[in-house]
Amino acid sequence: MRVSLFVTCLVDQLWSSVGTSSVEVLRRVGCEVEFDDRQTCCAQPAFNTGYRSEARDVARRFIEIFEETKADAIVSPSGSCTAMVRHYPELFADEPDWLKRAQAIAERTHELSSFLIRVLKREDVGASWNGRLTWHDACHGLRDLNLKSEPRTLLKNVHGAEYVELDNADSCCGFGGTFSVKYPEISLAILDQKIEAIERAGVNAVVAGDASCLMQIGGRLSRHGSKVKVMHIAELLASQEMSGNVR
Amino acid sequence: MNHVTSETFDENAKAALADSQLRGALRNATSLFGKRRLAAAQGLTNWEDLRTQARAIKDDVLLHLDQYLENFVSQAEARGAKFHWARDGAEANAIICRLAAERNARSIVKSKSMTTEETHLNVALEAAGIQVIETDLGEYIIQLAEETPSHIIVPAIHKTKRQIAELFTQELGIPPTDDVAKLTSTARATLRDRFAAADIGISGVNFGVAETGTIVILENEGNIRLTTSLPRFHIAVMGIEKVVPRFADLDIFLKLLPRSGTGQRLTTYQSFITGTKQNAFDDGPEELHVVMLDNGRSRMLAHPVTRQSLACIRCGACLNACPVYQQIGGHAYGSVYPGPIGAVITPQLMGLEKTQQLPYASSLCGACREVCPVKIDIPRLLLHLRGEITEKSSPEVQQAKGRTMERFAFKMWRLMMLRPWAYNLSARVGRLFQGLVVKDGKIGRVKSFVGPLAAWTSGRDLRPLDQKSFRDKWASDQGKS
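As a convention, each chain's residues are numbered from 1 in the sequence order in which they are written. Each chain gets a letter, beginning with A, and each ligand a number, beginning with 1, in the order they are written. Totals for whole chains, interfaces and linings use every residue, but because this is a predicted model, local features are given only for residues with pLDDT of at least 70 and side-chain atom pairs only at 80 or more, for both listing and counting. Values shown for side chains rest on all heavy atoms present in the structure; no hydrogens or waters enter the calculation.

*Asks:* Describe the overall build of chain A, listing the residues and the values that go with them.
*Replies:* Counting its regular elements, chain A contains 13 helices and eight strands. By its C-alpha atoms, chain A is 50 × 45 × 25 Å across when sized along the principal axes. A 1.4 Å probe rolled over the protein chains alone gives each residue an accessible area, and that area as a share of the maximum for its type sets the label: buried under 20%, exposed over 50%, partly exposed in between. Every one of the 247 residues in chain A was classed for burial, and the buried ones make up 65%. The contact criterion used is simple: two residues touch if any of their non-hydrogen atoms lie within 4.5 Å. Long-range contacts, defined as pairs at least 24 residues apart, comprise 79% of the intrachain contacts of chain A with a sequence gap of at least 6. Here, Shrake-Rupley sampling with a 1.4 Å probe gives the accessible areas, and only protein chains in the shown set may cover a residue. For chain A, the computed accessible surface area is about 8,500 Å², with 46% contributed by carbon and sulfur atoms. The secondary structure listing takes helices from DSSP runs of H or I that are at least 4 residues long and strands from runs of E that are at least 2 residues long, numbered from the N terminus.

*Asks:* Just give me the short version of the sheet that holds strand E4 (residues 109-111) of chain A, but keep the residues and values in it.
*Replies:* Residues and elements named next belong to chain A. The parallel open sheet is built from four strands, whose spatial order is E2-E1-E3-E4. Either end of the sheet is taken by a strand with one partner, and the two such strands are strand E2 (32-34) and E4. Strand-to-strand twist across the sheet, computed as the mean angle between neighbouring axes with direction ignored, equals 35 degrees. Of the strand pairs in this sheet, strand E1 (residues 2-5) and strand E3 (residues 73-76) are connected by three bridges, and their pairing is parallel. Across the sheet, residue Val 3 finds its bridge partner in E3, namely Ala 73. Strand pairing is defined by DSSP finding a minimum of two bridges between the two strands. Between the N-to-C directions of two axes lies an angle of 0 to 180 degrees, each axis being a line fitted to C-alpha atoms and, for a helix, fitted only over the stretch in contact.

*Asks:* Give me the domain arrangement of chain B: which residues, what numbers.
*Replies:* Domain delimitation follows an automatic or database domain assignment. Along its sequence, chain B is carved into domain 1 (39-298) and domain 2 (403-477). Averaged C-alpha coordinates put domain 1 of chain B and domain 2 of chain B at centres separated by 53 Å.

*Asks:* Requested: an account of the packing of aromatic side chains, with residues and values cited.
*Replies:* Between two aromatic rings, the relevant description is the distance of the centres plus the angle of the planes. Think of it this way: a Phe, Tyr or Trp ring, Trp meaning its six-membered ring, pairs with another when their centres are within 6.5 Å, and the plane angle makes it stacked under 30 degrees, edge-to-face over 60, tilted otherwise. Inspection of every chain in the model, using the stated rule, returns 18 aromatic pairs over all chains. An angle of 85 degrees between the planes, with centres 5.6 Å apart, marks the rings of Phe 72 of chain B and Phe 83 of chain B as edge-to-face. On the criterion of sequence distance, the pair formed by Phe 72 of chain B in helix H4 (residues 65-78) and Phe 83 of chain B in strand E1 (residues 81-86) is long-range, its members being 11 residues apart. Assigned by exposure class, Phe 72 of chain B and Phe 83 of chain B land together as buried. Chaining the aromatic ring pairs together yields one cluster made of Phe 6, Phe 62, Phe 66 and Tyr 88 of chain A.

*Asks:* Tell me about the side chain of Arg 314 of chain B, and please be specific about residues and values.
*Replies:* Looking at the element boundaries, Arg 314 of chain B is found in the loop between helix H13 (297-302) and helix H14 (317-321). Not counting the four nearest positions on each side in its chain, Arg 314 of chain B is found in contact with Ile 152, Ile 153, Glu 241, Lys 242, Leu 257, Arg 297, Tyr 337 and Ile 345 of chain B.

*Asks:* So what's going on with the interface of chain A and chain B? Residues and values would help.
*Replies:* If you look at the interface, chain A gives 65 residues, while chain B gives 70 residues. For any pair of parts, buried area is found by adding up, for both, the accessible area (1.4 Å probe) each one loses once the two are put together. Interface area lost by chain A to chain B is led by Gln 13, Tyr 51 and Arg 223 of chain A, which between them contribute 12%. A side-chain nitrogen of Lys or Arg and a carboxyl oxygen of Asp or Glu constitute a salt bridge if their distance falls within 4 Å. Taken together, the links from chain A to chain B amount to 11 salt bridges. Throughout this description, a polar contact denotes any pair of N or O atoms lying within 3.5 Å of each other; where both atoms belong to protein, one of them has to be capable of donating a hydrogen while the other can accept it, and for residues adjacent in sequence the pair is counted only when both atoms sit in side chains. Between the two partners, chain A and chain B, sit 40 residue pairs in polar contact (both at pLDDT 80 or more). Take the side of chain A that touches chain B: its biggest share by element is nine residues, from helix H11 (residues 184-201) of chain A. The class makeup of the residues in the side of chain A that touches chain B is 28 nonpolar, 20 polar and 17 charged. For this classification, the nonpolar set comprises Ala, Val, Leu, Ile, Met, Phe, Trp, Tyr, Cys and Pro, the charged set comprises Asp, Glu, Lys and Arg, and every other residue, Gly included, is treated as polar.

*Asks:* Just give me the short version of the sheet that holds strand E3 (residues 131-134) of chain B, but keep the residues and values in it.
*Replies:* Residues and elements named next belong to chain B. Spatial ordering of the open sheet is given by E1-E10-E7-E4-E2-E3, a layout of six strands whose pairing is parallel. Two strands lie at the open edges of the sheet, namely E1 and E3, each paired on one side alone. Between one strand axis and the next, the sheet turns by 20 degrees as a mean value, whatever way the strands run. Judged from the four bridges that link them, strand E2 (residues 107-110) and E3 form a sheet pairing that is parallel. Residue pairing for E3: Ile 108 is matched across the bridge by Val 132.

*Asks:* Tell me about the nonpolar core, and please be specific about residues and values.
*Replies:* A general tendency of soluble globular proteins is for nonpolar side chains to be buried together. In terms of nonpolar packing, the biggest core is built from 129 residues, with Tyr 88 and Ile 186 of chain A together with Phe 9 and Ile 328 of chain B touching the most fellow members. Ranked by the residues each element gives to this core, the list is headed by helix H4 (residues 52-66) of chain A, at seven residues. Among residues more than four places away in sequence, those in contact with Ile 328 of chain B are Ile 186 of chain A together with Phe 9, Ala 13, Ala 16, Leu 17, Leu 22, Leu 26 and Tyr 333 of chain B. Side-chain atoms within 4.5 Å are what join buried Ala, Val, Leu, Ile, Met, Phe, Trp, Tyr and Cys residues into a set we call a nonpolar core. Core analysis: the next-biggest nonpolar cluster, separate from the first, contains 70 residues, Val 23, Leu 116, Val 158 and Met 231 of chain A among them.

*Asks:* Help me get a handle on the environment of Met 300 of chain B, residues and values and all.
*Replies:* All names here are of chain B. Mapped onto the secondary structure, Met 300 falls in helix H13. The class for Met 300 is buried, based on a relative accessible area of 3%. It is 8.8 Å that separates the C-alpha atoms of Met 300 and Ile 345, two residues lying 45 residues apart in sequence.

*Asks:* Can you break down the side chain of Thr 109 of chain A residue by residue, with the values?
*Replies:* Among the structural elements, Thr 109 of chain A can be located in strand E4. Among the polar contacts listed, one links the side chain of Thr 109 of chain A to the backbone oxygen of Ile 105 of chain A, at a separation of 2.7 Å.

Printed below as a string of structure tokens:
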């Protein structure tokens with residue numbers, strides 16, 4: 001299967017290992033991966049802050065670029081950015097032509113873990129990692145894309161890893177895009193509930209499907225000098241720490 | 001304390017976050033109600049169907065509101081109810097004050113009603129020299145403390161048992177006790193005398209049934225039953241959106257509302273009031289007056305996107321589920337309706353000038369939408385309001401503090417995101433300059449510099465830009481790490 005990678009601007013610039021890990025995992029399960037370097041952002045920051053016309057322009061460009069690809073699917077290591085693409089039709093309610101194009105792109109775009117499970121039906125991608133880990137449900141993946149069992153299934157199939165469920169795994173980390181800097185005090189108060197739960201879980205790593213949540217959670221853990229690592233699910237699935245030595 | 005306004009939401013929130021008693025009370029109550037709601041919803045196998053049906057009924061009502069209101073009024077009038085129409089809160093209060101004056105009322109008992117909170121009825125009645133007593137325990141506590149409710153269905157959710165005990169000692173002169181039963185029975189004894197002496201009972205309305213003209217009110221304490229049956233006159237204040245077509249529709253709403261609000265399968269009391277007493281020997285009030293309140297609702301109705309906010313049945317589930325509400329409580333919103341639904345309704349009722357912070361008081365996590373029994377897409381409405389603020393509001397709102405800068409930033413962002421060369425260039429420039437603040441592979445607290453960076457690093461380290469972007473890695477080796 002041919003896949004066009006929508007890497008997201010955040011991963012591209014701040015967390016490139018999530019991008020390379022996504023490529024590695026997709027290739028490992030037999031996908032041919034392409035990357036169109038004209039891509040930038042999905043438009044979510046503007047859309048979520050109320051700058052609809054700016055968002056519309058950037059979304060149009062995204063649609064133009066990705067409708068050129070002959071790939072079978074557009075795959076992204078982000079629930080939030082995938083959800084944004086799924087929201088595109090809302091931006092073009094009054095433009096029937098663009099609406100159709102937006103719907104077509106939205107249907108072809110998948111978040112990485114859901115693509116692996118729902119489309120490729122792969123529950124074990126041959127990953128191995130040594131340690132105890134837990135999963136944080138990023139809100140947009142959970143509530144806009146209904147990702148709940150998919151990432152958990154993948155994580156439970158990582159050889160050598162011990163999976164534990166996080167208390168209130170489905171509660172927000174407090175990031176919320178510009179919310180995190182408009183109301184930093186509230187954002188941090190929400191975050192600290194998440195941090196408490198993570199520390200209680202006694203894990204080596206907390207895993208999520210969105211680099212944004214991981215920046216929020218990781219930034220606080222790092223400020224506290226915590227030993228808990230934050231990892232993107234793509235990084236974990238790419239990991240083959242115990243290769244040649246799997247159960 | 002809580003005479004704060006929505007204009008200072010940011011400051012109110014900071015003050016709330018510094019109040020450890022408040023946060024403790026909120027944490028306990030919201031998580032308890034959240035758990036109970038979930039258990040109650042899971043107790044029904046057709047919960048999702050009920051939500052869908054409830055929303056379909058509400059959508060139908062909102063599309064044909066005029067017709068359903070006419071049916072409701074004519075049915076209720078045929079059974080002796082009298083109707084009054086109020087464009088806004090001031091009109092509603094004036095109608096109620098006039099009704100009270102015409103009946104020489106000196107004392108009024110009132111049951112819990114967010115609609116009368118919206119009109120600030122108590123202030124108007126007191127100004128007219130009429131004594132008014134709140135008879136819902138939570139509302140009574142709030143009235144004694146001279147505060148406002150901080151939750152739609154749990155008005156005193158922000159108060160601890162100890163704070164209530166101190167309040168009762170101070171205001172009712174009872175010996176200090178933290179025995180909940182003693183506190184409750186003290187309130188009960190005080191309130192019983194008030195019921196007996198009251199000239200008028202004022203209530204809200206949960207549902208008005210168009211088919212039969214019946215007013216439906218749900219409660220747990222029996223005070224609504226007393227308020228609406230003991231005094232000679234009953235005045236019910238009802239938002240015009242509260243009508244449902246058929247009596248049978250209550251089957252759905254009476255399953256959804258208590259479960260969503262308190263996690264109960266049913267409230268202890270459900271009062272169905274259809275007109276006035278028909279025979280002199282019957283029990284019940286001689287007169288029933290229904291004040292129908294618009295107060296911005298018809299404006300909300302006119303808009304195809306925001307119309308759905310009128311589907312709200314005021315259960316409060318979105319407040320309990322909201323991570324922001326859980327941290328700061330209701331008073332910080334500075335509005336009658338707090339939490340996610342408050343952040344949607346308040347700007348529509350009051351205009352954006354003084355409420356423009358509220359649509360931004362959300363991480364857009366969607367927990368509110370998930371629990372809403374009538375499936376209101378609150379995040380979408382918040383986004384819509386954000387769009388109204390940046391694009392269609394008054395110059396005053398458009399040029400509010402920080403917004404000019406923000407607009408400029410998003411214009412720059414647009415230019416950058418439309419042109420890969422500009423995007424790449426900005427990232428290179430960022431890499432060049434981040435050396436000033438990166439230490440040990442992270443960006444720690446940055447006090448000076450641009451606002452968002454300082455705001456982020458006030459409590460979190462920031463991950464710096466990677467030395468090599470994904471696209472650079474891809475260009476050099478096709479994405480091999």
